[in-house]
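# An overview of the molecular structure
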Amino acid sequence: MAEPGADNSGKIPETTPRRPKFNRRRSLWIIVGILAGFVVYAYAFQTTEVSLSKIRDETRQESLVRVLRALAQPDLLDWETVNTDVDLQYLIPCPDAGFEPVAIEGDLNISVSPTCANPRDVVTVSGTGFIPNEQVQVFFVPPNGTRLRLTIARTDASGSFVEDVRLPNRPDESLQTIQAESKVRVGSIFSPAYVSDSDGHTVRSPRWSQNAVDTLDKIIETVFLALLATTAGTIIAIPLSFFAAKNLMRDVRIPALQLGLAVVAVPIGVGGGLLAFNWTKDLVLAMSDSAILHGASTLVLAWLTIRLLRLAVPPPGAQTGRYARIGAGLGAGLLILTAGQTLARFAELAGTWFAQNLSGAAFLGEFVASLGDILATVFGVLTAVAGAGVLGLLGSKLGYGVAKRVPESIRSLLTILSMALAGGIVAVGVGQVVGFLYEIAGTRSTVTIPFVVGAFLGALIAWRGLRRGYLAAGIGVYYASRTVFNTMRSIEPLVMAIVFVIWVGLGPFAGSLALGLHTVAALTKLYSEQVESISPGPVEAVRATGATRLQTVVYGVVPQIVSPYISFTMYRWDINVRMSTIIGFVGGGGIGFLLQQNIRLLNYRAAAAQMLAIAIVVASMDYLSSRLRERFV
Amino acid sequence: MLRVEHLTKVYDDGTVALSDVSFQVSDGQFLAVIGLSGSGKSTLLRCINRLIDPTEGRIMWDGEDITAASQEDMRRIRRRIGMVFQHFNLVYRSKVITNVLAGRLGYTSPALSIVNRFSKADREAAMRQLERVGLEAKANNRSEELSGGQQQRVGIARAMMQNPNMILADEPVASLDPVLAHSIMQYLESINRDDRVTVLCSLHFLDLVHRYAQRVIALNEGKLVFEGLPAEIDDEMFRDIYGQEAERVG
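Along its length, chain A carries 18 helices and 11 strands. Radius of gyration (C-alpha) of chain A: 39 Å, far over the 26 Å computed for a compact globule of 633 residues. In terms of its C-alpha atoms, chain A occupies a principal-axis envelope of roughly 130 × 100 × 65 Å. Across the 633 residues of chain A, 32% fall into the buried class.

Turning next to the overall build of chain B. What chain B contains, in helices and strands, is nine helices and 10 strands. The C-alpha radius of gyration computed for chain B amounts to 18 Å, which stays within 12% of the reference 18 Å derived for 250 residues, consistent with globular compactness. The principal-axis extents of the C-alpha atoms in chain B amount to approximately 55 × 40 × 35 Å. Looking at chain B as a whole, 45% of its 250 residues qualify as buried. For chain B, the proportion of contacts with a sequence separation of at least 24, taken over those separated by at least 6, is 68%.

Attention now goes to the confidence of the model for chain A. Within chain A, residue pLDDT values average 85, and 95% of them lie at 70 or more. Mean pLDDT across the elements of chain A bottoms out in strand β9 (residues 193-196) of chain A (81) and peaks in helix α1 (residues 24-47) of chain A (94).

So, on to the interface of chain A and chain B. The parts lose accessible area when they come together, and the size of an interface is often stated as this lost area. Contacts between the two partners involve 22 residues from chain A and, on the opposite side, 26 residues from chain B. Residue assignment for the side of chain A that touches chain B shows that the elements contributing at least two residues are α15 (536-544) and α16 (549-583) of chain A.

All names here are of chain A. Side chains Ile-110 and Val-112 project from strand β3 (residues 109-113) onto a buried face, and the interleaved Asn-109, Ser-111 and Ser-113 project onto a face without burial. Note: β3 against strand β4 (residues 122-128), five bridges, orientation antiparallel. Of the residues in β4, the one forming a bridge with Asn-109 is Thr-128.

All names here are of chain A. Spatially, four strands are ordered β2-β8-β5-β6 in an open sheet, and the strand pairing comes out antiparallel. Of all strands in the sheet, those bounded by a partner on one side alone are β2 (81-90) and β6 (148-154). Across the sheet, the axes of successive neighbouring strands diverge by a mean angle of 20°, strand direction being ignored. The pairing of strand β5 (residues 135-141) with β6 spans six bridges and is antiparallel. Its bridge partner lying in β6, Val-138 is registered against Thr-151.

Right, let's talk about helix α7 (residues 291-312) of chain A for a bit. Residue and element names in this part refer to chain A. A rise of 1.5 Å per residue sets the reference length of α7, with its 22 residues, at 32 Å; its end C-alpha atoms lie 31 Å apart and thus fit the reference within 8%. His-294, Ser-297, Thr-298, Leu-301, Thr-305, Leu-308 and Ala-312 are the residues of α7 that are buried. Looking down the long axis of α7, one finds its buried residues gathered within 110° of arc, a one-sided arrangement. Relative to its buried face, α7 has exposed residues pointing more than 90 degrees away, namely Ile-292, Trp-303 and Ile-306. Tucked inside the fold, the buried residues of α7 contact α8 (322-357).

In this structure, the amide linkage connecting Ser113(A) to the following residue, Pro114(A), adopts the cis form with an omega of 0°. Take Pro114(A): it is sitting in the loop between β3 and β4. Put simply, Ser205(A) and Pro206(A) share a cis peptide bond, and its omega is 0°. With respect to the helices, strands and loops of the structure, Pro206(A) is situated in the loop between β10 (202-205) and β11 (207-208). Even without glycine at this site, Arg50(B) takes up a positive phi of about 60°. Mapped onto the elements, Arg50(B) comes out in the loop between α1 (41-48) and β4 (56-61).

Residue and element names in this part refer to chain A. Secondary-structure assignment places Arg-307 in helix α7. The class of Arg-307 is partly exposed, set by 14 C-beta atoms lying within 10 Å. Along the chain, Arg-307 and Gly-516 lie 209 residues apart, while their C-alpha atoms are 38 Å from each other.

Bringing the sheet that holds strand β5 (residues 64-65) of chain B into the picture now. All names here are of chain B. Pairing in this open sheet of four strands is antiparallel, and the strands run β2-β1-β4-β5 from one edge to the other. The sheet terminates laterally at β2 (16-25) and β5, the two strands that pair on one side only. The sheet contact formed by strand β1 (residues 2-10) and β2 spans six bridges and is antiparallel. Across the sheet, Leu-2 pairs through a bridge with Val-25, a residue of β2. Across the face of the sheet, α1 comes into contact with β1, β2 and β4 while running at roughly 60° to β2.

Another point: the packing of helix α6 (residues 256-286) of chain A against helix α9 (residues 362-405) of chain A. All names here are of chain A. Direction vectors running N to C along α6 and α9 enclose 145°, while the axes themselves pass 6 Å from each other. Considering how the two elements wind past one another, α6 and α9 form a crossing that is right-handed. Residue composition of the contact of α6 with α9, by class: 21 nonpolar, 11 polar and no charged.

Bringing the nonpolar core into the picture now. Note on soluble globular proteins: their nonpolar side chains tend to be buried together. Grouped together as the largest cluster of nonpolar side chains are 129 residues, with contacts concentrated most on Val199(B) and Leu200(B). Counting residues per element, this core draws most heavily on α16(A), which supplies 12 residues. Non-local contacts of Val199(B), meaning those with residues more than four positions away in its chain, are made with Phe30(B), Leu31(B), Ile167(B), Ala169(B), Leu188(B), Ile191(B) and Asn192(B). Residues Val264(A), Ala265(A), Ala388(A) and Val428(A) belong to the second largest nonpolar core, which totals 24 residues.

Rules used throughout
Residues numbered from 1 in each chain as written. Chains lettered and ligands numbered in written order. Predicted model: local features only at pLDDT ≥ 70, side-chain atom pairs only at ≥ 80, totals over all residues. Helix = DSSP H or I, 4+ residues; strand = E, 2+ residues; numbered from the N terminus. Rg over C-alpha atoms; globule rule 2.2 N^0.38 Å. Buried ≥ 20, exposed ≤ 12 C-beta atoms within 10 Å, placed from the backbone. Contact = placed C-beta atoms within 7 Å. pLDDT = per-residue confidence, 0-100. Pairing = 2+ DSSP bridges. Axes fitted to C-alpha atoms, helices over the stretch in contact; angles between N-to-C directions. Expected span 1.5 Å × (residues − 1). Arc of directions from axis to C-beta. Left-handed = near helix turned anticlockwise from the far one by under 90°. Nonpolar A, V, L, I, M, F, W, Y, C, P; charged D, E, K, R; others polar. Core = buried A, V, L, I, M, F, W, Y, C linked by C-beta atoms within 7 Å.

What follows is the structure in structure tokens.
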């Protein structure tokens, strides 16, 4: 049979396939590889205690079945019950023709074997259709109506019982009765009944059980915990991701002198920023505690800030003096600071007022007040960062100016000096952290030695920078941020949650902090890899128009990453919902707390309700996020 | 006047992309740059607006040393040099009008452009440039919805938004079919003739060189092997540029 497309002309192929040469060495390696694999898996079996006999063991199988059945019946509903009888005809003694009782109708059913017997005989009573794990009283009722209790049986998990009883000495020619009495549920899911309970209240049967109510409460907590963690994590991860993207950082090269002066200027900037922050904070706190006053001053300050910003950043071509611009910029900075403070204070005051006066929506007022508090804190950090940024930029500009004006030998000397100082400052910073962690007293090992070592390293780097003309500062930032985020990402949120539980106590706040921190690390990695995979052409084109680095990012990079960022954020929310279901295992709030408690108490039916809730939430999250992704991406 | 003097570029991996290239372009000239793929045409054009930093040599333009310019100076220089790319290099997810306005970034204050604020004059100018290339109806479409020829026209509109004195066109028609190629080249020709913009354009096809270029330089393995008029490229010259086994197709 010719293969399709094969050459049918009968030509012999020029080279017949030769049998591959037997390679002794290769075969030996294959055998060694297989043997090594054998040993590895044998050891793996031993350490993980793989045991098929345990799987087959009958008592263990019974436990498994018990748990599985419990899990299949989640504890969601509570039923009201009433006592109900079920009667079966019986004859003592047995007539010659034997006896067949009238069949019982309904869900409850009992039977006695044999169907008739002599007095004092032992017979077997069995019943089905009762409530699982419930008492059943079995009576003998002679024609006069007295009830003689034969036994109290207990139903198994499927609602059946089997019990041997001795019949009383009550021969009679007429029909007698064997009666079983037990509780039965009132109402059904589709047609619930309303009955009076012991306190006289009318209650619905079936109704949601306490476990179902608790589960709902905790699953809502879980979803919002995940939402907060994702939001906070995303906000922080987006700016950080640019620093962890190689293609953006690779080109950031700074002459060593500029870098050195910038690093020296940064601590001064942080100090100055914090000083300005505290100063404006005191100023704002000194104002009277009136929400209206703070709101109004925020508006006025914002308006003034915009006016000053117009002066500081004039449209191209406008004739504004350099010093006027710098002054306007500084003024705008201070005004923004003050405006931020008054805004935060306004939110705090107004929120507290709302919380006190609107009892129904108190949580909204408290939220606004918390936002004000967060704003005030974040503003402090931002001010320090902004101060560092501005001073760093000034240092860099100073370096540029100096480098242009002085001869090369002096420039080299200045470069090495500034880099040595910069290295020393960074090393002292590290020394302070180490000294704090290990409680090292004395300045010799936390200040002097680090400074000397850092200065030496800084000078060494400067030497390298002198030869090449610049330092690849961007790639340094890239590796530093990558290392930090990879380390942070490798720590599971569960472990982080343990630390946060110690810090802020048991509850969902600790859980959301842990998840948020992990989200920052994970998203920074995912985001930055997105940035790295954008097409470089548009970025190059935007750069070629004379755009600044920031403009290039905004116009060339951002449009390319918006949709993958949305997609990753939603994926992360999905992960966070799943993670938050178990963060409660270590006290981090959410449904995990209930789940773990019920598993420990062997209350599997209650645990099953929580598992069901998790499954529903995760599945609907999955559906929702895939729909949203279709829409946005 | 653009003067390139002894320009050399050695990449970090040791590849010599340009070696000792010198030539001059007078203002308002249409200069074609020809040569095989990998002969250094793209590197040369990118050295002129410093998208690539040359290793050695000097580039003088209007009496200013481009190779020695600082970052701030470079921003000012770049905004007067438009660039058109082989693969158009539009931001495909942005609107056409945003892509055109991006040509204005060098003139816009960074703070305002970050929140997508361009002046009214800029927006009107962008619409005029789109009208010039016949795409005013597509202003609010996403760039990825456009065909190749339309995308290159947007690329030209973006370059023209810069009010350039010079346009660097890096194989602007290599990804387009011959009919579209002529239409794009005619836009460049009109910009060169009517707006008196110097054009440096790398090209693959000799017929396009003969049709549009006033002067030609040719690169082979990073070396300048020819500088002169398009008519001067005879068969022998052709083989010097493209190698002994090359055959003329255009």
